[in-house]
Amino acid sequence: MSQDHDQAHITDTSRVHVDRKEYWFIFLMLFILTVLEVGVVFVEGISKGHIVAVLTIMALVKAALVGLFFMHLNHETKIVRWGVILPLMVPFFYAAVLIADAIVRLA
Amino acid sequence: MSAHAEAGHHDHDHHYERPFDQWPDDAHTGHASMGKLGMWIFLLSDAMTFAGFLLAYGILRGGADQWVGTVINEPQEFGINFTAGLTFLLICSSVSMVMAYAACVEGNRKRTVQWLLVTILGGVLFLCGQAQEYFGTFEFIFHHKGLIHDGLIFGESHRATTFYLITSFHGMHVFSGTLYLIIICYRTWKGKYDGGNYNHIEMCGLFWHFVDLIWILVFTFIYLIPA
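Residues numbered from 1 in each chain as written. Chains lettered and ligands numbered in written order. Predicted model: local features only at pLDDT ≥ 70, side-chain atom pairs only at ≥ 80, totals over all residues.

(A) Just the overall build of chain B, in detail. Counting secondary structure elements, chain B contains eight helices and zero strands. Counted from the first residue to the last, chain B has its helices and strands arranged as α-α-α-α-α-α-α-α. Contacts spanning at least 24 positions in sequence make up 69% of the contacts within chain B whose residues lie at least 6 apart. (Helix = DSSP H or I, 4+ residues; strand = E, 2+ residues; numbered from the N terminus. Contact = placed C-beta atoms within 7 Å.)

Shown next, in the form of structure tokens:
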């Protein structure tokens, strides 16, 4: 029965978002950001703090592009979208608290 | 006959369950299927595991007086260019995954299988790359005997231990994701997802994109941040 169940759907795909141009554009953005990330590491004369900040921002932008466009979060309902994004922000918030704590204690 | 009416006819004749996208939209989750929501919940719990590892790594690294070179002969860096290649590979496989999804939505079985095979190839090559990075499995191509040979030994320093823990945990995800893709590809080839029945491919895609997303963070925090 399960085999039949898998095979026989006639599915309404009219509401499904498919945009190949968008997918290739996101791929291009991810590629450029990766090249920039690697390039930043080899640039001399930038402080470590600045490098870490720039790399973190670029990584978060790349992760957001994958989540929103490849995983189609931008086409989900607000509750699903924020139900995914908010829990994922908790570790970053915790990291920020730890970094702030370390800065205060070292000052 | 509309797709809805036709599906209802199938339901009546063959006792099929109603296809996931033909339930009325939920006020909170729209037309997301149960499987898709379940996959998101699993991915969130998985993300917390990775977050725990990365935070532990950050705390150990941030609190260390010296991070690199605490063990004699330990390599100073991990080989950023090689790993950037692996990152590019995963990004490519993410694109091929969405192309497989797009082909499935359009009901093109042949294209779906082709793009899934490309995605599987990406996963296999990534695993080969990781084997090369650890063990120098493909030394005859890359002329490098691997990080273990270079002196980065699990358990000998926090740097080595966190590196192997996080990257191998990610590698396990790539391995299981590749197996998942192989099964989905076989089922697609057998015609299980014809007629725009894209739900399983979308769920598999969510897992694969998650693997890519995690690698983006691992690549930045483990490989790129300078000593």
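(B) Expanded view of the overall build of chain A. A tally of helices and strands in chain A yields four helices and zero strands. Walking chain A from its N terminus toward its C terminus, one meets helices and strands in the order α-α-α-α. Taking all 107 residues of chain A together, the buried fraction comes to 18%. (Buried ≥ 20, exposed ≤ 12 C-beta atoms within 10 Å, placed from the backbone.)

(C) Just the nonpolar core, in detail. Counting 61 residues, the largest nonpolar core has B:Ala100 and B:Tyr101 as its most contacted members. Residue assignment for this core shows that the elements contributing at least two residues are helix H2 (20-42) and helix H3 (48-70) of chain A together with helix H2 (34-63), helix H3 (80-105), helix H4 (109-135), helix H7 (158-189) and helix H8 (199-224) of chain B. Top contributing element to this core by residue count: H8(B), with 18 residues. Not counting residues up to four positions away in its chain, the partners in contact with B:Ala100 are B:Thr112, B:Trp115, B:Leu116, B:Thr119 and B:Ile201. (Core = buried A, V, L, I, M, F, W, Y, C linked by C-beta atoms within 7 Å.)

(D) Just the packing of H2(A) against H3(A), in detail. All names here are of chain A. One way to put it is that H2 packs onto H3 with a least axis distance of 10 Å and a crossing angle of 165°. With respect to H3, the element H2 is oriented roughly antiparallel. For the crossing formed where H2 meets H3, the hand is left-handed. Residues Glu 22, Ile 26, Met 29, Leu 30, Leu 33, Leu 36, Glu 37, Val 40 and Val 41 of H2 form the contact with H3, whose participating residues are Ile 51, Val 54, Leu 55, Met 58, Val 61, Lys 62, Leu 65, Phe 69 and Phe 70. Looking at the contact of H2 with H3, its residues break down into 15 nonpolar, no polar and three charged. (Axes fitted to C-alpha atoms, helices over the stretch in contact; angles between N-to-C directions. Parallel < 35°, antiparallel > 145°, perpendicular 65-115°, else oblique. Left-handed = near helix turned anticlockwise from the far one by under 90°. Nonpolar A, V, L, I, M, F, W, Y, C, P; charged D, E, K, R; others polar.)

(E) Expanded view of the environment of A:Leu65. All names here are of chain A. In this fold, Leu 65 is placed in helix H3. Leu 65 sits 24 residues away from Val 41 along the chain, and the two C-alpha atoms are 22 Å apart. The residues contacting Leu 65, other than those within four sequence positions of it, are Ile 26, Met 29 and Leu 30.

(F) Structural detail: the domain arrangement of chain A. One can read the domain layout of chain A as domain 1 (19-75) and domain 2 (76-107). Computed over C-alpha atoms, the centres of domain 1 of chain A and domain 2 of chain A are 19 Å apart. (Domains from an automatic or database assignment.)

(G) How the structure looks around unusual backbone geometry. Of note in this structure, A:His72 is not a glycine but carries a positive phi near 60°. Tracing the chain through its elements places A:His72 in the loop between H3 and helix H4 (78-106). With 21 C-beta atoms counted inside 10 Å, the residue A:His72 sits in the buried group. Positive phi is not limited to glycine here, since B:His143 has a value of about 55°. Summarising the element assignment, B:His143 is placed in the loop between helix H5 (139-142) and helix H6 (147-150). Classification of B:His143 as exposed rests on a count of 8 C-beta atoms within 10 Å.

(H) Examining H4(A) more closely. Its 29 residues place the ends of H4(A) 41 Å apart at the C-alpha level, agreeing with the 42 Å of an ideal helix rising 1.5 Å per residue. Of all the bends in H4(A), the greatest, near 25°, is centred on A:Val90, and the proline A:Pro91 appears no more than four residues after it. (Expected span 1.5 Å × (residues − 1). Bend = angle between axes of the 7 residues up to and from the residue.)

(I) Just the packing of H3(B) against H8(B), in detail. All names here are of chain B. Contact geometry for H3 and H8: axes closest at 10 Å, N-to-C directions at 165°. By the angle class used here, H3 and H8 are roughly antiparallel. Seen along the crossing, H3 lies across H8 with a hand that is left-handed. In this structure, H3 uses Ile 80, Thr 83, Thr 87, Leu 90, Ile 91, Ser 94, Met 97, Val 98, Ala 100, Tyr 101 and Cys 104 to contact H8, whose residues at the interface are Ile 201, Glu 202, Gly 205, Trp 208, His 209, Asp 212, Trp 215, Phe 219, Tyr 223 and Leu 224. Residues that form the contact of H3 with H8 fall into these classes: 14 nonpolar, five polar and two charged.

(J) Just the confidence of the model for chain B, in detail. Residues and elements named next belong to chain B. Mean pLDDT over chain B: 88, with 89% of residues reaching 70 or higher. At the level of individual helices and strands, chain B shows its lowest average pLDDT in helix H1 (residues 3-14), which scores 47, and its highest in H4, which scores 97. In this model residues 1-15 is a low-confidence stretch, pLDDT under 50, and it forms 16 contacts with partners more than four residues away in sequence or in other chains. Quick note on the complex model: pTM equals 0.87, ipTM equals 0.86. (pLDDT = per-residue confidence, 0-100.)

(K) Representation of the environment of B:Met39 within the structure. With respect to the element layout, B:Met39 can be found in helix H2. With near-sequence residues (within four places) excluded, B:Met39 lies in contact with B:Met203, B:Leu206 and B:Phe207.

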